[in-house]
Amino acid sequence: MTTTAERADFRFNWVDSFLLALRIAAIFVVVWGTVGALALGFVGEGLSGSAWKDLIVAGLAQGSMYGLIALGYSMVYGVLGFINFAHGEVFMAGAMVGFFVADYFFTSGLWVSNFVIAILIVLVVAVATSTFTAVLIEKVAYRPLRNSPRLIPLITSIGVSFFLQNAVLGLVGPAVKTYPQAPTWLSQKISVLGLQIEGTKLLVIVIAVVSMIGLWLFVERTKTGRAMRAVAEDKEIAALMGIDVDRTIVTTFAVGGAMAGVAGILWALLFRGVSFITGFLPGIKAFTAAVLGGIGNLVGAMAGGVLLGLFESLGPNVVLRGLRWEIPVSLGIAALAAGIGVAVLAWRRGRVSVASVAGALIMLGIAGIGQWSIVIPGLTQLKDVVAFSALVLVLIFKPSGLFGEQLADEDRA
Amino acid sequence: MHLLEITGLTKSFGGLQALGGVDFHIDELEIVSVIGPNGAGKTTFFNTISGLVVPDEGRIVFEDEDIAGLEPSEITKRGIARTFQNVRLFPDMTILENVMVAQHCRTETGVWGALFNTPTFRNEERAIEERAKDILGFFGTRLTGYRFRQPAYVLSYANRRRLEIARAMGTMPRLLLLDEPTAGMNPKETAELTGLIRKLRDEKGFTIVVIEHEMRVVRDVSDRVVVLDHGVKIAEGSYDEVSSNPDVIEAYLGRPAEEGA
Amino acid sequence: MNQMPTRRSATDLDWDRVRRWGIYAGLTMAFLSSIGMVESLDKRLIVDPILSLGFLALLWVPVAFGYAATYEEAKEGMAAPEKGERDLIGGLAAGLIGGLFFVAFIAIADAVDLRGVFPRIGPALIDLLTFGRGTAVGGLLWLMISGLLGMFGGLLHVLPVRVRRAVTNALTAVFLVALVEIAVVDIFESLRLTVISDWIYAKNGGVTIAGAIVVGALAALSSVRSEGDAVVRFRTRYATMEGDERKRFNLIAGAVGLVLAVVLPMVLGGLTNELLANVGLFLLMALGLNLVVGYAGLLDLGYVAFFAVGAYTTAILTSPLSPKWTPMLTLDFFSIEGWVVMVVVVAVAALSGLVVGTPVIRLRGDYLAIVTLGFGEIVRILFLSDWLAPAFGGAQGIRNIPAAVAGPAEINGTKPQTIFYLVVIFVGIAVYVAWRLYHSRIGRAWAALREDEDVAEAMGVETTKMKLLAFITGAILASFGGMIFAVKVGSVFPSSFKLIVSIIVLVIVIVGGMGSIPGVVVGSLVLIGILGGPTQPGLLAEFGEFKLLIYGALLVFMMLRRPEGLWPSVQRQRELHQEEILQDAWLKAEAAADSAGER
Ligand SMILES: Nc1ncnc2c1ncn2[C@@H]1O[C@H](COP(=O)(O)OP(=O)(O)OP(=O)(O)O)[C@@H](O)[C@H]1O
Ligand SMILES: [Mg+2]
């Protein structure tokens, strides 16, 4: 109740000031990095045009996969109001079982002779596995906790997550399982909208979009979908209206699981390697995507996924790399002046976001005048730092998401 | 100079205007009732004063200081305490602890005092406990003796309401905001609480704003009555003036049903 | 309903339940075999030569599930469900069904080579599971074993309380004695009493049959004489102690603990001391996390970051291999240098607590958990990165951390005794801090904000300040843990500070009992002592590869069955007795609605 990101006036206490500083720092780094990357590109030291496009395509493909996983987080949070930490493992389970089927098809020759049929069957198996896993978890671990305080199911789901990871580790061993190579015609580049897209990535994007549309139709058009929305709104009233709440919740988990299964196959197409630990990072990232898009909001989850995917692929290579660029002194002075101007404006209006932009501009000015530059070796190592920073920043500054959360009142507290 | 003076208090939730420019004041040792139909914005009015909700506009001046937008704990520290319409105790803490924790803002020993068990710390703890017992004694024997060490959830509904008042008293306020203190009580308990509210002012020296639906209580305790409807103050005055005001009657009974509506 | 007790026939059972639990039993046994548990644990003997830990890992299943299959809830206002042959039959049936599934599993595994998918299901496993006698004989044996054990599970309902207690205590005692083998042998060796330990324990490990019989009989005898479950009785008694009595008890317990802590390391050998030092290290962290999670109600999943900060700060300050520009101090507790190190460690930890705490305290509880997890991972990856390698050494970390010094004594990992003493001192400090804070206005403020944050704020508790204080205190305690860890291992590197450390510390707090100091002590003793930490072995070192699986399962189990923990705090104990205090149904409903609505 007391949390208001934008207070009516500047009445800063220590926490607000700290948050403002954090915001300024984040904006500062992103702006400097982006402008720097563009500037470096201009003088021919940056990424080539095709490298840019490749990064964007990779981001889109990976992002649509995150989006699919995010749907599961988003739906469960929307309906039950807790973070299903084990959802990443649901995704992993689909990919893992899919591998064994794919491997079998590879040895039996179907994979090579008729790839489309093979991958479809693998997809079905993965979806079935993930759906089953999700439903099973709900039944065993979450149903008895339906009315407990929010943190209890979260802690439970952490336990489930570790259990599943280590169960899979025990069952199939620690080695990374590598899906067989997709046929060559899939790895050729196809030109779409001026982008040269690798066939696999295009396939990934297409499957994601199709699943998304299917899900949307399901939620908006079918009776079960309506029941889901009703339960999300208010469980008790939904029950009074004759909706079978238990079944609806199971459906929610099943649908979320199915989407995670699809995502599992997309992962296999993109990266090929699967192991027991595969679910952890994509799970966390997908959760970020769900929050970024506004938790409980399905279209938002997909959009959040794509945004995060882009951010993650561009973040280290563009933004962090761009920090090498020394801001010219003249530009620094200009930024400083602009920053002070905006700061005055912010003070008048009493708006925190304007103030943080002003702060970032002033920082840029200082960086320019001080001739700063940061060269970071081993950029790819920081890929996950970028992802986790995105997680932290999104949750702190935009917990209600870009497209608005859709939650029952009691869960918003 | 009024103890509390509010001007143009406004608050909207999304499209819904819960408070639309309310002016209000109360003087030292006055008891003012705020009444109005359900959803009139009474609780929101309390929430903005106590800082749980940040008002969109308006000034809330308490003892010469604008407190709008301060953290709730800061406001409590300045001397405003409240109870909640839907009783919100700390159910797993003991009855004594419920009142002791309310004195948080009146005490200061920090980590060092606690760690080294300094004399100041011990004296303060003893004083807090004594005062808490004293406050609970104000309600007769219901909340005393063996009750001290019982968790708050064992209490009956009426006793929970009493404990909530005791907890608010624990913060040692000058201004006490009571949100429907008699809700859910039987007539006998209601009558007793009415007397108690007067006693709070006469003996303990609190200035009191009380939200009430029970008109008999309003009549018996109020020096002045303020009527809210749809977030707007529609009447103000003594109980008799207000109860005969046609606007107020209309707000409570609703407009005569229009044909075909 | 007709209240007249009518005699139920012996087959009047909830067959659906029996069938379900039977199937669960079979699947569980198959699962435990498939992940290689039976095979790996077979090397450790419990009772030589008849029972290995591996088989024990299977055999508990029919017993427990047979017990569950015939469990009937005692409904209020109804006559207690009568017990009789029916329970034996139900247990037997469940055991048989489970056995059937398990035998089917063995048969399939024997017929089809599953190693392509499940590497652990190979001929060796089959051989082990069929006692080397082929599938047919092995299968029959399993049916029999499983059925009988299931029946034993059912029998537990029927036995008179005293007998049941005697039986379970005898079994537990044998298991415990086998469990602490290393430690006991260790002690007896240093006491020159190897005669006794040689008699109890067999050469290949495990209790001898004679030893098992004597131990079991002793345990059974002692329990027959006592009234009720001693542990439970003691715990309730402790929970209801008031004022002075409690204080006296705590003092006595503290004194006993102190004497033990001083004497034990002298009689224990290196291995056991090492083990206890690990227990203490995790206890230190768990006490810190308990402040944050148990007292203030903030679920911090990135707690390991503070542990890492403490370790790295110590490393940078003391190691000669840390960057040139840093000082090179000795952690000498009797000189000013050591105190400088500690002050810096505390300051850095407090600062990082503030930096992590400030942005997250406005978040709702579950988001707070995820953000702290994010922070924890960011810290680890940054320590790992090439970018900051000049300061933190990247993946190599910082090596050559010298021993700590206390007067004439050198404290380092090669002398686990010394580490243990160090840990004990800091655990003592942590317990004292937690206890004092809990019984002060700060502790009350934490309790209030855990129960209802908005109301706490409205009652004048500066919730931001109090939350930050919890974060900072917790961070400082964890950093002490990190400091000792650095000294103990002699080097720090990022892979010691994975998320799993945070999770294990959380499991300790939850299993022990959130907000309960004795609970946390029990939790770390049981979990770290038996199973071990993320990389440190416990008494059952063989569990190593299955540790995390068990931690995960335990977390789920506790949340479902015993969210208040093994040794609940007084406050949560109250919640348990809520039922008894509220005779009035109406009040009960009120309380339930409250606790549902107010969190
Ligand atoms: N936090 C909130 N978010 C959204 N709407 C709110 C919030 N708090 C109050 N409202 C709305 O503001 C309006 C005024 O509510 P308020 O609780 O102040 O009424 P009230 O006069 O106290 O009514 P009652 O007599 O039923 O207690 C109501 O329509 C309510 O739904
Ligand atoms: Mg109200």
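A.B. asks: Sorry if this is basic, but what is going on with the site of ligand 1 here?
C.D. replies: Residue and element names in this part refer to chain B. The local shell around ligand 1 holds 13 residues, among which Gly 39, Lys 42, Thr 43, Thr 44 and Gln 85 are the closest. At 2.9 Å from an oxygen atom of ligand 1 is found a side-chain nitrogen or oxygen belonging to Asn 38. Here ligand 1, which alone exposes 630 Å², has 64% of that area covered by the protein. Elements supplying a minimum of two residues to the shell around ligand 1: strand 2 (16-26) and helix 1 (42-50). For the shell around ligand 1, the element with the highest residue contribution is helix 1, accounting for three residues.

A.B. asks: Could you clarify how one ought to interpret the side chain of Arg 441 of chain C in this entry?
C.D. replies: On the secondary structure map, Arg 441 of chain C appears in helix 19 (residues 441-451). Here Arg 441 of chain C sits buried without a salt bridge, and the closest side chain of opposite charge, Glu 124 of chain B, lies 4.5 Å off (N-O distance). A distance of 2.9 Å separates a polar side-chain atom of Arg 441 of chain C from the backbone oxygen of His 104 of chain B. At 2.9 Å, the side chain of Arg 441 of chain C forms a polar contact with the backbone oxygen of Thr 109 of chain B. The residues touching Arg 441 of chain C, leaving out its near neighbours within four places in the chain, are His 104, Thr 107, Glu 108, Thr 109, Glu 124 and Glu 125 of chain B.

A.B. asks: Looking at this model, I keep getting lost on the confidence of the model for chain A. Mind explaining?
C.D. replies: Any residue range with low pLDDT should be treated as having predicted coordinates unsuitable for detailed reading. Residue and element names in this part refer to chain A. Averaged over chain A, the pLDDT score is 87; the fraction of residues at 70 or greater is 95%. Across chain A, element-level confidence peaks in helix 3 (residues 87-108) with a mean pLDDT of 96 and bottoms out in helix 17 (residues 409-412) with 52. Below a pLDDT of 50 lies the segment residues 1-10, which in the model reaches 26 contacts outside its immediate sequence neighbourhood of four places, other chains included.

A.B. asks: What's the story with the coordination of the magnesium ion (ligand 2) in this structure? I'm lost.
C.D. replies: When four donors bind a metal tetrahedrally, each ideal donor-metal-donor angle is 109.5 degrees, and when six bind octahedrally, the ideal angles are 90 or 180 degrees. For the magnesium ion (ligand 2), the full set of protein donor atoms is Thr 43 of chain B (OG1) and Gln 85 of chain B (OE1), and the range of their distances to it is 1.9 to 2.1 Å. Taken as a pair, Thr 43 of chain B in helix 1 and Gln 85 of chain B in the loop between strand 6 (80-82) and helix 3 (95-102) lie far apart in primary sequence, 42 residues in all.

A.B. asks: Even after reading the chapter, I still don't get the interface of chain A and chain C, so can you show me in this structure?
C.D. replies: It is common to report an interface's size as the accessible area lost on association of the parts. Across the contact, 63 residues belong to chain A and 51 residues belong to chain C. Roughly 4900 Å² of surface becomes buried between chain A and chain C when both sides are summed, with 78% attributable to carbon and sulfur atoms. The largest per-residue losses of area from chain A upon contact with chain C belong to Ile 155, Phe 162 and Leu 171 of chain A, which jointly make up 13% of the total buried on that side. Counting across the chain A and chain C interface gives two salt bridges. As a salt-bridge pair, Asp 366 of chain C and Arg 150 of chain A come within 3.3 Å of each other at their nearest N and O atoms. In this structure, the connection of chain A to chain C is made through five residue pairs in polar contact (both at pLDDT 80 or more). Considering each element in turn, the side of chain A that touches chain C owes the most residues, 15 residues, to helix 6 (residues 151-172) of chain A. Class assignment of the residues belonging to the side of chain A that touches chain C gives a composition of 45 nonpolar, twelve polar and six charged.

A.B. asks: Explanation requested: helix 6 of chain A in the structure shown.
C.D. replies: Because an α-helix packs 3.6 residues into every turn, residues spaced three or four apart end up facing the same way. All names here are of chain A. Along its 22 residues, helix 6 runs 32 Å from first to last C-alpha, staying within 8% of the 32 Å computed at 1.5 Å per residue. Within helix 6, 19 of the 22 residues are buried, leaving the element largely enclosed by the surrounding structure. Directly beyond the C-terminal end of helix 6, a positive phi value near 85° is found at Gly 173.

A.B. asks: What am I meant to see in the packing of aromatic side chains here?
C.D. replies: The relative placement of two aromatic rings is captured by the distance of their centres and the angle of their planes. All names here are of chain A. In the structure shown here, the tally under the stated rule is 40 aromatic pairs over all chains. For the ring pair Phe 91 and Trp 267, a centre distance of 5.9 Å and an interplane angle of 90° mean the geometry is edge-to-face. With Phe 91 in helix 3 and Trp 267 in helix 11 (residues 245-271), the pair connects residues that are 176 residues apart, well separated along the chain. As far as burial versus exposure is concerned, Phe 91 and Trp 267 are alike and both buried.

A.B. asks: Can you help me understand the side chain of Glu 180 of chain B in this one?
C.D. replies: Residue and element names in this part refer to chain B. Residue position: Glu 180 is located in the loop between strand 7 (175-179) and helix 7 (187-202). Of the polar contacts made by the side chain of Glu 180, one reaches the side chain of His 213; its length is 3.1 Å. The contact partners of Glu 180, leaving out residues within four places of it in the chain, are Lys 42, Gln 85, Arg 161, Ile 211, Glu 212 and His 213.

A.B. asks: Any chance you could explain the sheet that holds strand 6 of chain B here in plain terms?
C.D. replies: Strands belonging to one sheet form pairs held by backbone hydrogen bonds; the direction of such a pair is parallel or antiparallel. All names here are of chain B. As summarised here, the arrangement of the six strands in space is 6-7-8-3-9-10, forming an open sheet in which the pairing is mixed. Strands with a single pairing partner mark the edges of an open sheet, and in this sheet they are strand 6 and strand 10 (232-237). Averaged over all pairs of adjacent strands, the angle between strand axes in this sheet comes to 20°, irrespective of strand direction. Relative to strand 7, strand 6 runs parallel, the two being bridged by three bridges. Within the sheet, the bridge partner assigned to Ala 81 lies in strand 7 and is Leu 176.

A.B. asks: Explain the packing of helix 5 (residues 115-142) of chain A against helix 11 of chain A to me, please; I cannot follow it from the model alone.
C.D. replies: Residue and element names in this part refer to chain A. As a packed pair, helix 5 and helix 11 sit with axes 7 Å apart at the nearest point and diverge in direction by 140°. Overall, the two elements helix 5 and helix 11 adopt an arrangement that is oblique. Handedness of the crossing formed by helix 5 with helix 11: right-handed. Facing helix 5, whose interface residues are Phe 115, Ile 119, Val 122, Leu 123, Ala 126, Val 127, Ser 130, Thr 131, Ala 134, Val 135, Glu 138 and Tyr 142, helix 11 presents Ile 249, Val 250, Phe 253, Ala 254, Gly 257, Ala 258, Ala 260, Gly 261, Val 262, Ile 265 and Leu 269. Grouping the constituent residues of the contact of helix 5 with helix 11 by class yields 18 nonpolar, four polar and one charged.

A.B. asks: Just to check I follow, could you spell out the environment of Met 169 of chain B for this structure?
C.D. replies: Residues and elements named next belong to chain B. Checked against the element boundaries, Met 169 lands in helix 6 (residues 157-170). When its relative accessible area of 4% is taken as the criterion, Met 169 is described as buried. Ignoring sequence-local partners within four residues, the contact set of Met 169 consists of Ile 135, Phe 138, Phe 139, Leu 200, Lys 204 and Phe 206.

A.B. asks: How should unusual backbone geometry be read in this particular structure?
C.D. replies: For residues that are not glycine, phi is negative in most cases, and the peptide bond is trans in most cases. The omega torsion across Asp 48 of chain C and Pro 49 of chain C is -5°, close enough to zero to call that bond cis. Unlike most non-glycine residues, Glu 180 of chain B shows phi in positive territory, near 45°. Phi is positive for Phe 131 of chain C, which is not a glycine, with a value near 55°. On the basis of relative accessible area, Phe 131 of chain C is assigned to the partly exposed category, the value being 31%.

Each value, and the rule that gives it
Residues numbered from 1 in each chain as written. Chains lettered and ligands numbered in written order. Predicted model: local features only at pLDDT ≥ 70, side-chain atom pairs only at ≥ 80, totals over all residues. Heavy atoms only, no water. Near = heavy atom within 4 Å. Polar contact = N/O pair within 3.5 Å; in protein donor to acceptor, adjacent residues only side chain to side chain. Areas by Shrake-Rupley, 256 points an atom, 1.4 Å probe, with all protein chains shown as cover. Helix = DSSP H or I, 4+ residues; strand = E, 2+ residues; numbered from the N terminus. Buried < 20%, exposed > 50% of the residue type's maximum accessible area, 1.4 Å probe, protein only. Lys, Arg positive; Asp, Glu negative; His and termini not counted. Salt bridge = Lys/Arg side-chain N within 4 Å of Asp/Glu carboxyl O. Contact = heavy atoms within 4.5 Å. pLDDT = per-residue confidence, 0-100. Donors = N, O, S within 2.8 Å, 3.2 Å for Na, K, Ca; no water. Buried area = accessible area lost by both parts, 1.4 Å probe. Nonpolar A, V, L, I, M, F, W, Y, C, P; charged D, E, K, R; others polar. Expected span 1.5 Å × (residues − 1). Phe/Tyr/Trp six-rings, centres within 6.5 Å; stacked < 30°, edge-to-face > 60°. Pairing = 2+ DSSP bridges. Axes fitted to C-alpha atoms, helices over the stretch in contact; angles between N-to-C directions. Parallel < 35°, antiparallel > 145°, perpendicular 65-115°, else oblique. Left-handed = near helix turned anticlockwise from the far one by under 90°.

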